[in-house]
Amino acid sequence: MSIKAGLVGLPNVGKSTLFNALTNSSIPAENYPFCTVDPHMAITFVPDERAGKLQKMYDSKTIVAATVTSVDIAGLVKGAASGEGLGNQFLSNIRETNLIIHVLRCFEDPSIIRTGEIDPISDYEVIMIELALKDIESIDKRLEKAIKLSKVEQVAQTKALLQKEIELLNKIKNFLERNDFEGLKKITEDELKITIPLLTTKNFLIVANVSEDDMQNKKYEQNPHVIAVVKKFGKDKVVPTCVKLEYELSRVSKEEREMLKEELNIQEEALPLIIKKAYENLDLITFFTCGPQEIHAWPIKNGTTIKQAAGEIHSDLEKGFICAEVLSYNDLVEYKTPTLAKQAGKVRIEGASYIVNDGDIILVRFSK
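Source: prediction; values computed, not measured. Each chain has its residues counted from 1, following the order in which its sequence is written. Given that this is a predicted model, residues contribute local features only at a pLDDT of at least 70 and side-chain atom pairs are listed and counted only at 80 or more, while totals for whole chains, interfaces and linings are drawn from all residues. Here the side-chain values reflect all heavy atoms present in the structure, with hydrogen atoms and water set aside.

**Q** I'd love a proper account of the sheet that holds strand β2 (residues 40-45), names of residues and values included.
**A** Taking strand neighbours across the sheet as the criterion, the six strands line up as β2-β4-β1-β5-β6-β7 in an open arrangement whose pairing is mixed. Whereas interior strands pair on both sides, the edge strands pair on one side only; in this sheet they are β2 and β7 (238-241). Along the sheet, successive strands turn relative to each other by an average axial angle of 25°, direction set aside. Paired strands, as defined in this entry, are two strands with at least two bridges between them according to DSSP. Here a helix means four or more residues in a row that DSSP labels H or I, a strand means two or more in a row labelled E, and each is numbered from the N terminus. Bridge count for strand β6 (residues 203-209) against β7 is four bridges, and the pairing is parallel. The residue bridging Val207 from the neighbouring strand is Val239, located in β7. Sheet contacts for helix α1 (residues 15-23): β1 (4-8), β2, β4 (67-72), β5 (99-105) and β6; angle to β4, the most-contacted strand, approximately 155°. To obtain each axis, a line is fitted to C-alpha atoms, and for helices this fit is confined to the stretch in contact; angles are then taken between N-to-C directions over 0 to 180 degrees. By definition, residues are in contact when any of their heavy atoms lie within 4.5 Å.

**Q** Go over α1, please, and point to the residues and values.
**A** Between buried and exposed lies partly exposed: a residue is buried under 20% and exposed over 50% of the maximum accessible area for its type, with that area taken using a 1.4 Å probe on protein chains only. With respect to burial, α1 is a largely interior element, eight of its nine residues being buried. Just downstream of α1, Asn24 is the residue with a positive phi angle, here 55°.

**Q** So what's going on with the pairing of β4? Which residues, and what values?
**A** Side chains on a regular strand alternate between the two faces of the sheet. Counting buried residues in β4 gives five out of six residues, a clear majority hidden from the surface. Across four bridges, β1 lies against β4 in parallel orientation. Among the inter-strand pairings, Leu7 is bridged to a residue of β4, identified as Asp72. Inspection of the sheet shows β2 paired to β4 by six bridges, in the antiparallel sense. Across the sheet, Met41 pairs through a bridge with Val71, a residue of β4.

**Q** Explain the nonpolar core to me, using residue names and the numbers behind them.
**A** Definition of nonpolar core: a set of buried residues of the types Ala, Val, Leu, Ile, Met, Phe, Trp, Tyr and Cys, connected through side-chain atoms within 4.5 Å. Ranked by size, the top nonpolar core spans 83 residues in total, and within it Leu18 and Ile172 carry the most contacts. Those residues in contact with Ile172 that sit more than four places away from it in its chain are Ile139, Leu184, Ile187, Leu192 and Leu198. With 15 residues, the next largest nonpolar core counts Ile300, Ala309, Tyr354 and Val364 among its residues.

And the structure:
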């Protein structure tokens with residue numbers, strides 16, 4: 001499964017610096033709006049300690065990790081949906097992502113340009129309003145087409161589906177026109193599948209950008225801005241991060257990084273946590289294929305059948321699927337080697353309807 005996360009935020013909130021840290025790249029991050037003129041993309045490996053252990057057990061040459069493509073999207077401003085600043089162009093780039101990562105500024109620093117007081121909730125709403133305006137534009141176009149089609153459609157079932165979509169679009173539009181984003185959450189994923197993809201209903205994650213001082217001993221837990229963000233979005237959606245510090249950590253050696261973390265009493269780096277949270281919010285799990293050449297980690301949606309998972313490896317495996325040998329990672333760890341796990345009866349033969357579990361090691365049997 002291709003995973004693409006778009007970083008969005010108002011100008012000067014630390015978005016491009018976070019991108020630099022995530023990708024260990026060096027795109028510009030100057031202190032003025034619209035520095036990032038083109039959307040920058042880079043691939044970040046998903047940290048998974050299981051892959052390294054599997055490599056030793058299978059004596060594999062390489063590891064092919066799961067990846068997340070990070071997209072740095074230019075800072076939006078109020079009026080972006082109507083073409084203000086560079087927003088109109090980049091609203092289109094957001095449409096291509098699986099997950100939106102909102103970077104919200106939760107620290108005071110007079111040296112960094114900003115209009116108005118620090119207010120992360122207001123910043124989030126500015127972005128969402130711009131996304132809503134773009135969605136309303138898309139909804140109006142689709143409504144016009146769906147209404148015309150429903151008038152000439154002769155097949156009763158198709159006509160009913162079009163009518164259902166028209167009702168849904170009007171319901172969504174009503175929420176968006178009132179900026180009722182909480183109401184929008186009441187619409188289920190299954191409902192949304194019957195109509196066009198929308199920006200405001202995309203899955204999202206919040207990066208609360210705090211000061212370096214706030215990261216020491218988790219002082220950010222007393223930061224009023226972070227408290228407000230967690231209260232609004234929930235703890236599972238928010239990752240408190242000192243973006244500047246994470247960038248500095250990404251640029252030094254492993255030894256220096258550990259020393260700095262110890263000095264600041266930082267238990268866990270934010271970047272792996274952001275990737276982990278992105279996985280969780282997209283409801284993804286990982287299965288593995290293992291052999292002497294490589295250990296390959298494959299991200300899939302939770303609830304995927306083993307036949308569908310085989311298609312992630314190669315379409316021929318799904319088409320010719322017969323069955324699959326499945327070994328749980330936890331069972332492999334318990335029995336130390338693949339051979340001992342198999343002798344203990346831990347390798348199972350599963351049919352096409354088997355639902356893949358996180359950590360499953362899979363060998364697909366198929367006909368050519």
